[in-house]
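Listed below, chain by chain, are the residues.
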Amino acid sequence: MSLESIRYTRGSLDILDQLLLPLQTRYVKVDGVEDGWKVINKMQVRGAPAIAIVGCLSLAVELEKDNNSDKKVMRQEIEGKLNYLVSARPTAVNIKLAADELINLANSLSADETVTPEDFKERFISRIEGMLIKDIEDNKAIGRYGCEAILKNSEGDGPVRILTHCNTGSLATAGYGTALGVIRSLQESKRLDHVYCTETRPYNQGARLTAYELVHEKIPSTLIVDSVVSALMNSRRITAVVVGADRVAANGDTANKIGTYQIAIAAKHHGVPFYIAAPLTSIDMSLTSGERIKIEERPEREMTHVGVHRIAAPGINCWNPSFDVTPAALITGIITEKGVFAPDKLSEIESK
Ligand SMILES: CSC[C@@H](O)[C@@H](O)C(=O)COP(=O)(O)O
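Residues numbered from 1 in each chain as written. Predicted model: local features only at pLDDT ≥ 70, side-chain atom pairs only at ≥ 80, totals over all residues. Heavy atoms only, no water.

Draft legend 1. Representation of empty space enclosed by the protein. Counted according to the given criterion, the structure contains three cavities of 30 Å³ or more. As a volume, the largest cavity reaches approximately 180 Å³. Listing elements by their share of the lining of the largest cavity, those giving two or more residues are helix H2 (48-65) and strand E9 (254-257). Looking at the lining of the largest cavity, its residues break down into nine nonpolar, nine polar and four charged. Split by domain, the lining of the largest cavity shows at least three residues from each of two domains, domain 1 (6-135) and domain 2 (143-351). The space that makes up the second largest cavity amounts to roughly 50 Å³. Lining the second largest cavity are Met 43, Pro 202, Tyr 203, Gln 205, Lys 257, Ile 258, Arg 298, Glu 302, Asn 320 and Ser 322. (1 Å grid on protein atoms, 1.4 Å probe; cavity = no way out; pocket = protein on both sides within 12 Å on 5 of 7 lines; lining within 4 Å. Points joined across faces, edges and corners; volume = space filled by probe spheres on them. Helix = DSSP H or I, 4+ residues; strand = E, 2+ residues; numbered from the N terminus. Nonpolar A, V, L, I, M, F, W, Y, C, P; charged D, E, K, R; others polar. Domains from an automatic or database assignment.)

Right under this line is the structure:
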């Protein structure tokens, strides 16, 4: 069974505390929006789709307990709470798009005189619950499309080797995963020879989380230090790189975990196809290019310490951007639940 990062039943939400993995498995109760903001901001839950889903579910939990019977007040509070949740982490677009969709829903439910306050609450919570189910279905479709594209592009019908970065699996999504979903799908097709995952400094999502998921799923895999990527491509045949995304701009420029950009440059140099695997909820068509993506800067302690142990010389200045933007020109294809698109063809998604 896959790892479960989100446990939800109506009125109750618990998330797996990813700060404690892989050494401890502990679930944390999320009792409303304030808790939701905190677990996202502290990165107890992380990964663009999981951030959006946990944020929205925290609102669903709060709403379930709310006895408000004034639709206008409910609408106003919902908008304020969603905007607050969006502020917890700035780079991933999924939570912003989910918030916009829910604010539109609240506006129309509030304006519709045939909708009672009870109906408002029921329909609003059901829409949020639907996101959980849809994300898993979308990830499975991403897995299938990604697997097909990689096998089609690889020479002959031999085994394939994949490199991935950061964590994009069950822990970063509602389940199955995006880039890790593609890897799962390749494993199911029996064509997967090996996966290499980077440590993903400074927060080590690769070493702590992806490695944990790969071992859990019994997928043949090896952990590498981030700076080994070029040497790996030079010495072992890598079929493709597949990573996730936090925000894809309309021209295909993609923000993802810091270090993604240099992997894409290495892939171009070595002729290795470089894929982004992301649901449509990670695509921000309102931004013409990646230049305008806001990049989160995290506390320097995440660089200077591993757990409680200081590893950097005291007194040194630190710069800790959490994401970088890979230019579209370095990207072979963007794998979505609607198929694989060249980065300059994202506008075609709407007609699918
Ligand atoms: C399916 S998640 C894709 C990305 O969100 C993932 O690769 C990533 O960059 C996560 O960053 P994080 O800072 O751990 O939230």
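Here the narrative resumes, following the displayed structure.
Draft legend 2. Structural context of unusual backbone geometry. Omega for the bond connecting Leu 21 with Pro 22 falls within 30 degrees of zero, at 5°, which places this linkage in the cis form. Here Pro 22 shows up in the loop between strand E2 (12-16) and strand E3 (27-29). Across the junction of Arg 201 and Pro 202, the peptide omega takes the value 5°, indicating a cis bond. Among the secondary structure elements, Pro 202 is positioned in the loop between strand E5 (192-198) and helix H7 (205-216). Backbone geometry places Met 43, a non-glycine residue, at a positive phi of 70°. Along the polypeptide, Met 43 turns up in the loop between helix H1 (33-41) and H2. According to the relative accessible area criterion, Met 43 is buried, its value standing at 1%. (Buried < 20%, exposed > 50% of the residue type's maximum accessible area, 1.4 Å probe, protein only.)

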